[in-house]
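Coordinate analysis (summary)
So you can see what is in the structure, the chains are spelled out below.
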Amino acid sequence: MRLTGDDSLTGMLGLALRRNPKRAHLLVSNVLGKHVPQSPSVVYGHGLRLGRRVRELLGDEAAHAVVLGYAETATGLGHSVADGVGLAPCLHSTRRPVDGVTPAGGFEESHSHATSHLLLPEDPALLAGDGPLILVDDEFSTGNTVLNTIRDLHARHPRRRYVVVALVDMRSPADSGRLTDFAREIGARVDLVAAASGTVTLPNDVLDQGRELVARHETPADAPTAHPGGRITRLDLRWPRGLPDGGRHGFTPAHRARLDAALPAMAGRLAEALPADARRVLVLGFEELMYAPLRLARELEQIVGADVRYSTTTRSPVLAVDDPGYAIRTRLVFPAHDDPADGPGERYAYNVAGGGFDAVAAVVDSVADTPALHAPDGLLARLAAHTPRVLLAVVPSYIPTARPYGRPDERPPARTERPSMLPEPLRGPAFSSYAPEEVGWLLQDLSGVSLEAPTEEREEAIQSGGAHYAESLPVEYQPSEQYQDLFHAALDSSAARIATAAGAVTELVLAERSPRPVLVSLARAGTPVGILMRRWAQYRHGLDLPHYAVSIVRGRGIDANALRRLAADHDPRDIVFVDGWTGKGAITRELAAALREFEDSDGITGFDPEIAVLADPGSCVRTYGTREDFLVPSACLNSTVSGLISRTVLRPDLVGPLDYHGAKFYRELAGSDVSVAFLDAVSARFPEVSEAVDGRVKDLLSADRAPTWEGWAAVERISEEYGIHDVNLVKPGVGETTRVLLRRVPWKILARQDAGSDLDHVRLLAEQRGVPVEEVAGLPYTCVGLIHPRFTRGATGADGRAVTV
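The text that follows walks through the structure, step by step, so that each part is easy to find. (Residues numbered from 1 in each chain as written. Predicted model: local features only at pLDDT ≥ 70, side-chain atom pairs only at ≥ 80, totals over all residues. Heavy atoms only, no water.)

Taken in spatial order, the four strands make up an open sheet running β29-β32-β30-β31, and their pairing is mixed. Among the strands making up the open sheet, the edge pair consists of β29 (730-732) and β31 (773-776). Direction aside, neighbouring strands of the sheet carry axes that sit 20° apart on average. Pairing geometry for β29 and strand β32 (residues 783-787), over three bridges, is antiparallel. Note that in β32 the partner of Lys731 across the bridge is Gly785. Packing of helix α18 (residues 710-721) onto the sheet brings it into contact with β29, β30 (746-752) and β32, and relative to β29 it is tilted by some 140°. (Pairing = 2+ DSSP bridges. Helix = DSSP H or I, 4+ residues; strand = E, 2+ residues; numbered from the N terminus. Axes fitted to C-alpha atoms, helices over the stretch in contact; angles between N-to-C directions. Contact = heavy atoms within 4.5 Å.)

Attention now moves to the packing of helix α13 (residues 526-541) against helix α16 (residues 675-683). Close contact between α13 and α16 brings their axes to 10 Å; oriented N to C, the two are set at 40°. Judged by the angle between their axes, α13 and α16 are oblique. For the pair α13 and α16, the crossing hand works out as right-handed. For the pair formed by α13 and α16, the contact residues are Pro528, Ile531, Leu532 and Arg535 on the first element and Phe678, Leu679, Asp680, Val682 and Ser683 on the second. (Parallel < 35°, antiparallel > 145°, perpendicular 65-115°, else oblique. Left-handed = near helix turned anticlockwise from the far one by under 90°.)

On to the packing of helix α14 (residues 560-569) against helix α15 (residues 586-602). Look at α14 against α15: their axes get within 11 Å of each other, and the N-to-C directions meet at 70°. Relative to α15, the element α14 is oriented roughly perpendicular. Read as a crossing pair, α14 and α15 show a hand that is right-handed. Packed against α14, whose contacting residues are Ala560, Leu563 and Arg564, the element α15 presents Leu595, Phe598 and Asp602 at the interface. For the contact of α14 with α15, the per-class residue count stands at four nonpolar, no polar and two charged. (Nonpolar A, V, L, I, M, F, W, Y, C, P; charged D, E, K, R; others polar.)

Before going further, it helps to examine unusual backbone geometry. The step from Ala71 to Glu72 runs through a cis peptide bond, and the omega angle for that step is -5°. Among the structural elements, Glu72 can be located in the loop between β4 (66-69) and α3 (75-85). Of note, the bond from Gly428 into Pro429 is cis; its omega dihedral lies within 30 degrees of zero at 0°. Summarising the element assignment, Pro429 is placed in the loop between β17 (389-395) and β18 (440-441). Phi is positive for Ser432, which is not a glycine, with a value near 95°. On the secondary structure map, Ser432 appears in the loop between β17 and β18.

Glancing now at the sheet that holds strand β12 (residues 280-285). Here we have five strands laid out as an open sheet, ordered β11-β17-β16-β12-β13, and parallel in their pairing. With partners counted over all chains shown, the strands left at the sheet margins are β11 (231-235) and β13 (307-312), one partner each. With strand direction ignored, the average angle separating the axes of adjacent strands in the sheet is 20°. As paired strands, β12 and β13 are joined by six bridges and run parallel to one another. Directly across from Arg280, in β13, lies its bridge partner Asp307. Taken strand by strand, helix α8 (residues 291-303) contacts β12, β13 and β16 (359-365), and its axis lies near 175° from that of β13.

Turning next to the layout of surface pockets. Considering only enclosed or pocket space, the second largest pocket measures out at about 820 Å³ in volume. If you go around the second largest pocket, you meet 26 residues; those closest to its centre are Arg298, Ser447, Gly448, Arg667 and Glu668. Elements supplying a minimum of two residues to the lining of the second largest pocket: α2 (40-58), α3, α7 (253-273) and α8. A class-by-class count of the residues in the lining of the second largest pocket yields eight nonpolar, seven polar and 11 charged. (1 Å grid on protein atoms, 1.4 Å probe; cavity = no way out; pocket = protein on both sides within 12 Å on 5 of 7 lines; lining within 4 Å. Points joined across faces, edges and corners; volume = space filled by probe spheres on them.)

In short, shape yes, function no, at least from these values alone.
Quick look at the structure:
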């Protein structure tokens, strides 16, 4: 047998013989994570890249696509492709019938040792839509399996477009034209995306020769025992309740976000259970359960110093020969341990024995956690013979709770009812660098979705009306060393002033709003302030106040699902919304309007629209710590001073009617994170400012704090004076001006003539971006940032000058 193909093919594939009367050879993938232990980043990366290619191919249609992976080898690959597409739910075929779930389809795999595939979606509408169907397999050879699937599904629910995805395209010249002919036959477009291509040349008598070679070389014994006393330990991953273990019944982007949020903590528990001196570790999945172990292995790879590898057990009988040129060097044999529908039989783990693994973490689902797994000849005992430590992690098998439908082609009714329980808040360290008790995020984790766009592209799209600012994210600003020095200097000089304001606003809340308030920060600028208020209440009064962060989006309102969750857990009259500062008061007005709309839609009353802020230079609220427009160092940076969380995202293809708004956790920026350092620096000043807080609170309680909205009036005046004619492009105050310089395309900065060190960082950013700073007498704010009006790349502003970007 011989492989020929492009440059990448030989690195991706090897050849082996298998015990199969229909097909003698096996193409052994080095990047699939099935037969060959491989770095999980390599395995996952191949799927992600294929998915991104599909997303580029489909364009806007990607938002309506569904991914279907093939059991057993391509279940993890299908999931990974879906992650790369970013918006698509994933389903995989299965050879395991599930009681109470009616198949929505099925097909045969003619060359396989186990042919029958079932399709068991919890929601049959996954297969009944008209968007593109993406079919994922490890190899595309004759194309029979894929074409059989499309033919079966197309007869039930015709689609306009199909995309076939494979790691390798191994079609012979005779088969290469079948896809085009088939697409013409069914009247649909069928594309093929593959990472590599080539052909395998086989002798005419390959089946006879294969049988003879297998008979000559196959032995019943496993590889020699190396660790007869290997220790077996059960590990509780604390898998999130209700989260599917994979795509057997469907896996949505919301499920993916929950898994992303839970992975760091689960990988941390696995890391703690490993031997301290482990240098080489294998995470071993189980047959169709490939994706969850893969993601767990990839997360583990990021946090331990050991060489982490990933592979899975399999039904496929392959000849093992310990020869350097052969793909399958060793084989472990053990009985099936999941009570398979096709009866008992042998199962296999390849290239594990002799792999030099100091520990093996076997990840199985609960259906497979049977006495056969723990038997003297079972998988765990086989593993323990070849490694000193075996860890068993059991993931709960997901059983659909929806009522099954009578016919495979029957579509379910529209699901419009509200779920009785919305998801639990996300917490650190799984989501954000804050301690879990500091804040609970009523958000969904979109860390795996590519959302960032260049600043100039975002600005052009926003101002042209082509996109809302909340539909994408700016590229995170990476501060220079000089800028970081300014941040630390600003923090050192203003920590006491911030501590005083934080203490004062907290005392006002306790005195006027509720003795046991529930703090709800407006993510993300409000979150550090909410944590400081919580810390003050704990320091001064011994109170352990609940604190959440929710999303509010200008022009779109507050997250209604977050409000529903808050109303279910707390008295709405105790909710106090918290933000960092006010500018012209747009968010203040947005919150009031959104709460009125929420009362009308849900009939839930009691939420107070009055925001509590650290600083109110715009005179927009009654509950504040100060009305000075001064530098709050948390405005100087983006996620690295906000728990490594992005600005919130609201996009209809990512956030459904029953989802929280989304955000990303930038784990990769942990080395630059100063979020907790900022909070600690301010909290450390609480004792020294206590007396000042008491004096300020006394003054505030006796003062007329009615909002004058003078900030809004000033913004309207500046907008007209500078020929902008759009208040949304005028950002008053130090905090908002900083945001303009970090996230938008700035035109110019207006600075009050007597502004001192509060503007050092603004001047530095303006210099770096080539933005003029204009000194203005009598400015009601310390500074005002003007976004470039009517921006298109290369355009000029209201004064006829070209923008510098």
